[in-house]
Amino acid sequence: SEITNESIVISNPKSFTLSVPGNVLTMGSVYVFNFHAQLLQDGVAIISETNRSFVVQVPIEPVVAIIRGGENVTLEVPSYSSNPTYDTSLSFDASHSYDPATTNNTNSSNSSSYLRYLWTLMDLTAMQLVSTGEIATLPVFSFKSSILMPERVYKVEVTIVGIAINGMAR
């Protein structure tokens, strides 16, 4: 990785510790911090001094996918053939998902505006894809219960893509 040409302002350069607030450094970037210290006698004469540099590589954090209701949700599938009027709509909501690269507040709607969602519905009993959506900006996936067969196990999955960092999709 190349060293970034960004600079950051250290709020208290005379502090004994280096503290950088969250979301100041860019994910995927490499920074070099230069440390210069002087030991003064009577506040004037330099007795000793040192220079040190250290490198900080900021890791790229993955997008966090959260489907409301938890990771494993059990729903009873009504038999559509025995009651054709009972065709309900099922919805799965991933609006609480977020991209750590866009915000430091995981509940902010700002972070979800950058996300793209790809939903799939898989029949695990028959090992067959039932439905797949197109990449969308909406975090909700809905379908009619009539496409499901009773006494089968299904898996709904969402793949979420966040903003690209250093040319890499995440």
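Predicted, not measured: the structure shown is a model, and the values here were computed from it. (Residues numbered from 1 in each chain as written. Predicted model: local features only at pLDDT ≥ 70, side-chain atom pairs only at ≥ 80, totals over all residues. Heavy atoms only, no water.)

### Brief notes about the overall build of the chain
Within the chain one finds one helix and seven strands. Seen in sequence order, the chain has helices and strands lined up from the N terminus as β-β-β-α-β-β-β-β. Here the chain holds 170 residues, and 24% of them are scored as buried. Contacts spanning at least 24 positions in sequence make up 60% of the contacts within the chain whose residues lie at least 6 apart. (Helix = DSSP H or I, 4+ residues; strand = E, 2+ residues; numbered from the N terminus. Buried < 20%, exposed > 50% of the residue type's maximum accessible area, 1.4 Å probe, protein only. Contact = heavy atoms within 4.5 Å.)

### Points about the packing of aromatic side chains
Under the defined criterion, the tally for this structure stands at four aromatic pairs. An angle of 15° between the planes, with centres 6.1 Å apart, marks the rings of phenylalanine 92 and phenylalanine 143 as stacked. Taken together, the residues phenylalanine 92 in strand β3 (residues 89–93) and phenylalanine 143 in strand β6 (residues 140–144) connect sequence positions 51 residues apart. Ring geometry for tryptophan 119 versus phenylalanine 141: centroids 5.5 Å apart, planes at 10°, classification stacked. (Phe/Tyr/Trp six-rings, centres within 6.5 Å; stacked < 30°, edge-to-face > 60°.)

### As for the pattern of salt bridges
Per the stated rule, a full pass over the model turns up three salt bridges. For aspartate 93, the salt bridge identified is with arginine 68, shortest N-O distance 3.5 Å. Residue aspartate 93 is located in strand β3, and its partner arginine 68 is located in the loop between β2 (45–57) and β3; the two are separated by 25 residues in the primary sequence. (Salt bridge = Lys/Arg side-chain N within 4 Å of Asp/Glu carboxyl O.)

### Looking at the environment of tyrosine 117
Among the structural elements, tyrosine 117 can be located in strand β4 (residues 116–123). The class of tyrosine 117 is buried, set by a relative accessible area of 1%.

### Side note on the environment of threonine 74
Its location among the elements puts threonine 74 in the loop between β2 and β3. Along the chain, threonine 74 and valine 153 lie 79 residues apart, while their C-alpha atoms are 9.2 Å from each other.

### Topic: the pairing of β4
For β4 and strand β7 (residues 154–161), the ladder comprises eight bridges, and the chain directions are antiparallel. Paired with tryptophan 119 across the two strands is valine 158, which belongs to β7. In the sheet, β4 pairs with strand β5 (residues 128–132) via four bridges, with the strands oriented antiparallel. If you follow aspartate 123 over to β5, its bridge partner there is glutamine 128. (Pairing = 2+ DSSP bridges.)

### Considering the sheet that holds β7
Hydrogen bonding along the main chain pairs the strands of a sheet, whether they run parallel or antiparallel. Read across the sheet, three strands follow the order β5-β4-β7 without closing on themselves; strand pairing throughout is antiparallel. With one partner strand each, in any of the chains shown, β5 and β7 form the two edges of the open sheet. When strand polarity is set aside, the average angle formed by the axes of neighbouring strands in this sheet is 25°. (Axes fitted to C-alpha atoms, helices over the stretch in contact; angles between N-to-C directions.)

### Quick word on the confidence of the model for the chain
Here the chain shows a mean pLDDT of 79. Residues at 70 or above account for 82%. The lowest-confidence element of the chain is helix α1 (residues 109–112), averaging 51 in pLDDT; the highest-confidence one is β4, averaging 92. Contacts for the low-pLDDT stretch residues 105–110, under 50 throughout, to residues beyond four places or in other chains number five contacts. (pLDDT = per-residue confidence, 0-100.)

### Focus: a nonpolar patch on the surface
A cluster of nonpolar side chains, contributed by Ile3, Val32 and Val55, occupies part of the molecular surface with about 260 Å² of accessible area. Structurally, the position occupied by valine 32 is in strand β1 (residues 30–41). Assessed through its relative accessible area of 33%, valine 32 is described here as partly exposed. (Patch = residues over 30% accessible without salt bridge, like charges linked within 9 Å, V, L, I, M, F, W, Y side chains within 5 Å. Areas by Shrake-Rupley, 256 points an atom, 1.4 Å probe, with all protein chains shown as cover.)

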